[in-house]
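Summary of structural features
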Amino acid sequence: MDGPLSLTVNFWLPRPASLTKKRIADGPCRKPDIDKLIRSSCDALTTAGAIADDARIVRIVASKRYVLPTGHVGADFAIESMRPAPCPHASGATEAGNCARCGAKA
Ligand SMILES: [Zn+2]
């Protein structure tokens, strides 16, 4: 993907073998740092060709959690374009017949 991008990523970390209920509720508020996980993921998405360059990312929403007992350790990603949708030409036409908002032939 190219152009301005939004990245949503959830990191699923392995559960330590001995984990109290309080620690489960707290989540993995310890290493690895979430910003380091994000950094390596952005590099990997670029290397894999999923995105043109990690500089395209203008928005990130991220979380890290302990994996569920039935889940898999890893990460899931959603990448969306931040480019505005094309003009729907709903604002009416000028006398010349062009869209009053974007100027395209309506
Ligand atoms: Zn328009």
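Here the structure is a predicted model, which means the values were calculated and not measured.

**Considerations on the overall build of the chain**
A tally of regular secondary structure across the chain gives two helices and three strands. Against the compact-globule benchmark of 13 Å for 106 residues, the chain has a radius of gyration of 21 Å, which places it well outside the compact range. Projected onto the principal axes, the alpha-carbon positions of the chain cover approximately 75 × 30 × 20 Å. Considering the chain as a whole, with its 106 residues, one finds that 8% of them fall into the buried category. When contacts within the chain are restricted to residue pairs at least 6 apart in sequence, long-range pairs at least 24 apart make up 71% of them.

**Considering the sheet that holds strand β1 (residues 5–13)**
Spatially, β2-β1-β3 is the arrangement adopted by the three strands of the open sheet, whose pairing is mixed. The sheet terminates laterally at β2 (57–66) and β3 (74–81), the two strands that pair on one side only. Shown here is a sheet whose adjacent strand axes are inclined to one another by a mean of 10 degrees, direction ignored. Direction of pairing for β1 relative to β3: antiparallel, over a ladder of eight bridges. By the bridge assignment for β3, Leu7 is matched with Ile79. Here helix α2 (residues 34–47) sits on the sheet and contacts β1, β2 and β3; the angle it forms with β2, its principal contact strand, is near 120 degrees.

**Let's talk about the nonpolar core**
Judged by nonpolar contacts, Leu5, Leu7, Val9, Cys42, Leu45 and Ile51 together constitute the single largest core of six residues. Broken down by secondary-structure element, the contributors of at least two residues to this core are β1 and α2. Broken down by element, this core gets its largest block of residues, three residues, from β1. Not counting residues within four places of it along the chain, the set of residues in contact with Val9 comprises Ile38, Ser41, Ala62, Ala75 and Phe77.

**Some points on the environment of Thr94**
Structurally, Thr94 can be placed in the segment after β3. Note: C-alpha distance between Thr94 and Thr8 (86 residues apart in sequence) is 40 Å.

**Let's talk about α2**
In an α-helix, one turn spans 3.6 residues, which is why side chains three or four residues apart end up on the same side. Here α2 contains 14 residues, and its C-alpha end-to-end distance of 20 Å stays within 8% of the 20 Å for a straight helix at 1.5 Å per residue. Among the residues trailing α2, Gly49 stands out with phi positive, at a value near 85 degrees.

Procedures and definitions
Residues numbered from 1 in each chain as written. Predicted model: local features only at pLDDT ≥ 70, side-chain atom pairs only at ≥ 80, totals over all residues. Helix = DSSP H or I, 4+ residues; strand = E, 2+ residues; numbered from the N terminus. Rg over C-alpha atoms; globule rule 2.2 N^0.38 Å. Buried ≥ 20, exposed ≤ 12 C-beta atoms within 10 Å, placed from the backbone. Contact = placed C-beta atoms within 7 Å. Pairing = 2+ DSSP bridges. Axes fitted to C-alpha atoms, helices over the stretch in contact; angles between N-to-C directions. Core = buried A, V, L, I, M, F, W, Y, C linked by C-beta atoms within 7 Å. Expected span 1.5 Å × (residues − 1).

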